[in-house]
Amino acid sequence: MGKRKSQRDPEDLPDAAEAKGKQKDDDDSGSDEDMDTVNVDFEWFDPQPAVDFHGLKTLLRQLLDVDAQLFDLSELADLILSQPLLGSTVKVDGNETDPYAFLTVLNLETHKDKKVIQDLTSYLSRHSPQIPSLAPLLAPSSPAQIGLILTERFINMPHEIIPPMYTMLLEEIQWALAEKEPYAFTHYLVLSKCYTEIASSLPSAEQPPSKKKKQQKGGEEVFYFHPEDETLQRFALGTGSFEYETPVDEGASDSRRAFQEMGVKAKGHLVLVEAGRFAEAVEGVKTFLGGA
């Protein structure tokens, strides 16, 4: 399986120029329009075992939220870095810096003897009732080959960085299969996160000014930390959200509230896609978010 990239020019992305943040120049400090803009060049790299360990752990902790403590994140980061030709990181200051985003896929069957994969599989199984078709696939006797997709980025990263990572993942899997490596997946399972809005527990005097509420159409409205999840689930065999297992302090939802009336309650989110529809799903993400 040959190496395919050390970096990717962001100008290859049709919408990259719009996605980049821009920072005001010293000679234009008085312009309100430039206050939150910064010029950034993004580079795509293979995972680097020598430099990415701590950055990956930070992103994994963010992805798994309060349930991150249920897993050995060091073992999980090492596992991701053990397959450096599969998956991508995004950086802004060269290959020797920490990643600002990553995407990878792990074969749950191939790595089933590793403790962190056993813990993840048990965790996914506990929440599989949200997707009826998932539980049989996770059973020990199942012949399914599930590719667990993990991806996370810093909150201020532009969403245009995501389509290239999914596109490169598809290419890398094809190259891996040509080399007889164990990536002949039957299904892809995206472990992500979403949130719902709940009434704030703060006294009314401490709450920010009220904003117009979104209309609810049956049940609670779900929002996505990763906007691509909304597109992926259009091609999914099943999708569902679940409550995190780790208890949180009262008021945790208000701690996530950012200048809005409602509190934010984070949840885990699963998207199960059959392998035969994964390429189509990636095309859907590219269309929705833009990018190469």
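Rules and cut-offs
Residues numbered from 1 in each chain as written. Predicted model: local features only at pLDDT ≥ 70, side-chain atom pairs only at ≥ 80, totals over all residues. Heavy atoms only, no water. UniProt positions renumbered as here; feature names shortened; annotations may be inferred. Phe/Tyr/Trp six-rings, centres within 6.5 Å; stacked < 30°, edge-to-face > 60°. Buried < 20%, exposed > 50% of the residue type's maximum accessible area, 1.4 Å probe, protein only. Lys NZ or Arg CZ within 6 Å of the ring centre and 35° of its normal. Helix = DSSP H or I, 4+ residues; strand = E, 2+ residues; numbered from the N terminus. Axes fitted to C-alpha atoms, helices over the stretch in contact; angles between N-to-C directions. Left-handed = near helix turned anticlockwise from the far one by under 90°. Contact = heavy atoms within 4.5 Å. Nonpolar A, V, L, I, M, F, W, Y, C, P; charged D, E, K, R; others polar. Pairing = 2+ DSSP bridges. Right-handed = clockwise from strand over helix to strand, strands pointing away.

- Looking at an unreviewed UniProt entry, one finds the chain named Protein BCP1, with Dothidotthia symphoricarpi CBS 119687 as its source organism.
- Recorded in UniProt for the chain, the comment headed Function (unreviewed entry) runs: "Involved in nuclear export, actin cytoskeleton organization and vesicular transport."
- What UniProt states about the chain under its Sequence similarities (unreviewed entry) heading is, verbatim, "Belongs to the BCP1 family."

## Section: the packing of aromatic side chains
1) Next: This model, assessed by the stated rule, comprises 10 aromatic pairs.
2) Next: Taking the centre distance of 5.2 Å and the plane angle of 65° together, the rings of phenylalanine 185 and tyrosine 188 count as edge-to-face. The pair phenylalanine 185 / tyrosine 188 is uniform in exposure class, with both members buried.
3) Next: Aromatic pair phenylalanine 242 and tyrosine 244: ring centres 6.2 Å apart, planes at 85°, arrangement edge-to-face. Tyrosine 244 shares its class with phenylalanine 242; the two are buried.
4) Next: Feature note: the residues Tyr166, Tyr183, Phe185, Tyr188 and Phe278 constitute an aromatic cluster, connected by ring pairs.
5) Next: Against the face of phenylalanine 45 rests lysine 91, its NZ or CZ located 5.7 Å from the ring centre.

## Quick look at unusual backbone geometry
1) Next: At aspartate 65, a position not held by glycine, the phi torsion is positive, near 55°.
2) Next: As for its position among the elements, aspartate 65 is in the loop between helix H2 (53-64) and helix H3 (73-81).
3) Next: The phi dihedral of lysine 180 falls on the positive side, at around 65°, and the residue is not glycine.
4) Next: Structurally, lysine 180 is set in the loop between helix H6 (162-178) and strand E5 (187-198).
5) Next: Residue classification places lysine 180 among the exposed residues on the basis of a relative accessible area of 76%.

## Regarding the packing of H2 against H3
When two helices pack together, their arrangement is captured by the angle between the axes and the distance separating the axes.
1) Next: Following both chains from N to C, one finds H2 and H3 inclined at 120°, their axes separated by 9 Å at the closest point. For H2 against H3, the interelement crossing comes out right-handed. Between H2 and H3, the residues in contact are Phe53, Leu56, Lys57, Leu60, Arg61 and Leu64 and Leu73, Ser74, Leu76, Ala77, Asp78, Ile80 and Leu81, respectively.
2) Next: Of the residues that constitute the contact of H2 with H3, the class distribution is 9 nonpolar, 1 polar and 3 charged.

## Remarks on the pairing of strand E8 (residues 263-274)
1) Next: Counting buried positions along E8 gives 10 out of 12 residues, so the element sits mostly inside the fold.
2) Next: Relative to E8, E5 is paired through 12 bridges, and the arrangement is antiparallel. When the sheet's bridge partners are listed, lysine 193 is paired in E8 with glycine 268.
3) Next: Of the pairings in the sheet, the one linking strand E7 (residues 238-242) to E8 comprises 5 bridges and is antiparallel in character. The residue of E8 that forms the bridge with glycine 240 is leucine 270.

## Considering the pairing of strand E4 (residues 146-153)
Remark: a regular strand shows side chains that alternate across the two faces of the sheet.
1) Next: Counted residue by residue, E4 has 8 buried out of 8 residues, so it is predominantly covered.
2) Next: Along E4, one buried face is formed by Ile146, Leu148, Leu150 and Glu152 and the opposite face, lined by Gly147, Ile149, Thr151 and Arg153, is buried too.
3) Next: Across 7 bridges, the pairing between strand E3 (residues 101-107) and E4 is antiparallel. Paired with valine 105 across the two strands is isoleucine 149, which belongs to E4.
4) Next: Both E4 and E5 contribute to a ladder of 5 bridges, which runs parallel. Considered in E5, the bridge of leucine 150 is made with leucine 191.
5) Next: Taken together, E4, H6 and E5 form a β-α-β motif whose crossover is right-handed.

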